[in-house]
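Descriptive analysis of the structure
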Amino acid sequence: MLRVFQHDLRDPDHFVITLELVPGRESTGRTVDAVMGIARDAFADGRISAVSITDNPGGNPSLSPDVIGNEIFKIGLDVIVHFTCRDMNRVGMESRALQLAMMGMKNILALTGDYTGAGFGGQGAPVFDLDSVSLLAMLAMLSERIGAAGDPDGFCTGCAVSPFKGTPGETVAQYAKLCRKEAAGAQFVITQLGYDAGRFARLLDVTRSLGFAPPILGSVYLLTPTAARIMNAGRVPGVVVSDALRDRVLDEWRDRETGRQAAVERAARLAAVLKGLGYKGIHLGGIHRDFSVVARILDRLEHIADRWPEFLADFGITGDREENASSAAAGDICALTGGIAPTLDPLEKLHFNLMRQAHGMFFSRESAAAGLWRALARRLDSHPAGRMIASTLEDPVKRLLLGCRHCGDCGIVHLAFLCPESQCPKHTRNGACGGSRNGRCEVHPERFCVWYRAWRRWAAIGESRRLADGCVPPRRWELNETASWLNFHLGRDHQGSGDAFTRFCRSRTCRTEGLRG
Ligand code: SF4
């Protein structure tokens, strides 16, 4: 396997440059030729540590990153494979990971993934059996297995983070999830795209003060009018392009050559700012035709890198950078919220309090009555009629209060007593996906993201850190349509089972001292 990317990541003096490529919907022809041409030129240029290949971007079918990545690998250029949770269940994902390991392609960017788009005959079924945190955990465990079988090179796994969220709650949720991702084994981080140097600086400050180890690459993009319009409209989940920036780009491109020059300059300046701030490298996107524009950006970066403080104003920092970032110093994620303690509306408050009380009474292993509930559960479980009674009691109550889907492996305790099955289209149990926008769900913008609601609930009682508690194993499908109350008390669900995944998760706790509020 090639280890260029891993080597460059570890080299303290190396500013890492990765290039994102998007394969098209064909197996041969123009789009494949373009990707392979860019990869060949990137290899010849020598400044790119690895190309990363997207995995059905936007949820739409495209050539597999594993296949085209392998072709690029043969050129001698290192590859990062994007690996999403959208299209395969855990069986398929493990199989794919083994296949990648056998091909020597072990740099993996683990992502929950955009929601499903249109494929053959209409929209595809959303799988989301794992989320990005449980995927990282799976890859870390697989690395151990591969190692035990004689292959010393485990996976080099990375993750994404968006420091550009529109609300404090989403921002805290992103940082809390990043904390879980690091604990689950992420070895590098790539940011979402945004043009706010203050937020970029804050991400570094917060992660440093929390003692995060993984190096961070900041996203840089060649912003064309089409991309600026699409991103500004929120059609690329997690990416932020303001109205003002979109208008500036449209203005610049009134003349094509001026527009292209401005796009190269903006990309080079943002790269210089990221380098100056202390990012480990940049992740360059928006390159679809040829490598020459990448070379122009990198040449320009070499010329202007030392002048980076002059460019801070281009990306929203107008005063002293230290002053701008100081509010997030010392790992005080609470500062990101401006100390806000949200006021819940009466119904939300009633629901939260009711569920907390009920949980403390009936579903706490520490409660005085725990032994009694366990004995009752054992008795009910010992007979089919008892199991039916348990289901009949549980089902209507939880359907009414939570929109319960009867998954048999209840995860509400991780989500401030909201249901990840019915209220999150991606069923995330370890934190918000990157797609929320101003607190709204990527998939159903008419409602709030369930993790934004969870943050509001925990923050209202000063317990935001609960968003980062532990690593939550995926739901156990063997319990589908059984009584989760029995499964909990009899230790069969993800909280009680002692399987390898659960043990791994229990051993990986993120550092939450800095998570307050
Ligand atoms: S509810 Fe939140 S985490 Fe779930 S899909 Fe929507 S935006 Fe993503």
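Residues numbered from 1 in each chain as written. Predicted model: local features only at pLDDT ≥ 70, side-chain atom pairs only at ≥ 80, totals over all residues. Heavy atoms only, no water.

Residue-level pLDDT values for the protein average 91, and 94% of them are 70 or greater. Contacts for the low-pLDDT stretch residues 320-331, under 50 throughout, to residues beyond four places or in other chains number 23 contacts. (pLDDT = per-residue confidence, 0-100. Contact = heavy atoms within 4.5 Å.)

A cluster of basic side chains, namely Arg365, Arg374, Arg378 and Arg506, defines a positive patch on the protein surface. Relative to the elements of secondary structure, arginine 378 occurs in helix H15 (residues 370-381). (Patch = residues over 30% accessible without salt bridge, like charges linked within 9 Å, V, L, I, M, F, W, Y side chains within 5 Å. Areas by Shrake-Rupley, 256 points an atom, 1.4 Å probe, with all protein chains shown as cover. Salt bridge = Lys/Arg side-chain N within 4 Å of Asp/Glu carboxyl O. Lys, Arg positive; Asp, Glu negative; His and termini not counted. Charge placed at Lys NZ, Arg CZ, Asp CG, Glu CD. Helix = DSSP H or I, 4+ residues; strand = E, 2+ residues; numbered from the N terminus.)

It is worth spelling out the domain arrangement of the protein at this point. Domain boundaries assigned for the protein yield domain 1 (4-336) and domain 2 (346-507). Domain 1 and domain 2 are separated by 32 Å when their C-alpha centres are compared. Each side of the interface is counted separately: domain 1 has 36 residues, and domain 2 has 34 residues. For the pair domain 1 and domain 2, the two sides together bury roughly 2700 Å², of which 59% comes from carbon and sulfur. (Domains from an automatic or database assignment. Buried area = accessible area lost by both parts, 1.4 Å probe.)

Moving on: the side chain of asparagine 107. Relative to the helices and strands, asparagine 107 is located in strand S4 (residues 107-111). Apart from residues no more than four positions distant in its own chain, asparagine 107 is found in contact with Phe5, Gln6, Asp78, Val79, Ile80, Val81 and Cys156.

Counting buried positions over the five residues of S4 gives five, a clear majority of the element. Side-chain alternation along S4 places Asn107, Leu109 and Leu111 on one buried face and Ile108 and Ala110 on a second face that is also buried. Of the strand pairs in this sheet, strand S3 (residues 79-84) and S4 are connected by four bridges, and their pairing is parallel. When the sheet's bridge partners are listed, histidine 82 is paired in S4 with leucine 109. (Buried < 20%, exposed > 50% of the residue type's maximum accessible area, 1.4 Å probe, protein only. Pairing = 2+ DSSP bridges.)

The geometry of helix H14 (residues 346-362) relative to helix H18 (residues 450-460) is characterised by a closest axis approach of 11 Å and an angle of 75° between their N-to-C directions. It follows that H14 is roughly perpendicular to H18 by the angle criterion. Listed contacts from H18 to Glu348, His351 and Phe352 of H14 are Arg453, Arg457 and Trp458. Taken together, the residues of the contact of H14 with H18 sort by class into two nonpolar, one polar and three charged. (Axes fitted to C-alpha atoms, helices over the stretch in contact; angles between N-to-C directions. Parallel < 35°, antiparallel > 145°, perpendicular 65-115°, else oblique. Nonpolar A, V, L, I, M, F, W, Y, C, P; charged D, E, K, R; others polar.)

The phi angle at asparagine 56 is positive, at roughly 45°, despite the residue not being glycine. Here asparagine 56 shows up in the loop between strand S2 (50-53) and helix H3 (65-75). Judged by its relative accessible area of 16%, asparagine 56 is buried. We note that histidine 427 has phi near 55°; this positive angle belongs to a residue other than glycine. The topology assignment puts histidine 427 in the loop between helix H17 (420-423) and H18.

A word on the pattern of salt bridges. A full pass over the atoms with the stated rule returns 31 salt bridges. A salt bridge links glutamate 302 to arginine 47; its shortest N-O distance comes to 3.0 Å. Of this pair, glutamate 302 sits in helix H11 (residues 292-304) while arginine 47 is found in the loop between helix H2 (30-45) and S2, placing the two residues 255 residues apart along the sequence. Through salt bridges with shared partners, a single ionic network connects Asp45, Arg47, Asp299 and Glu302.

Taken as a whole, this structure holds one disulfide when the rule is applied. Residue pairing for cysteine 471: its cysteine sulfur links by disulfide to cysteine 505, the two sulfurs lying 2.2 Å apart. You can see cysteine 471 sitting in the loop between H18 and helix H19 (484-489) and its partner cysteine 505 sitting in helix H20 (residues 500-507), a full 34 residues away along the chain. Here cysteine 471 matches cysteine 505 in class, with each residue buried. (Disulfide = S-S within 2.5 Å.)

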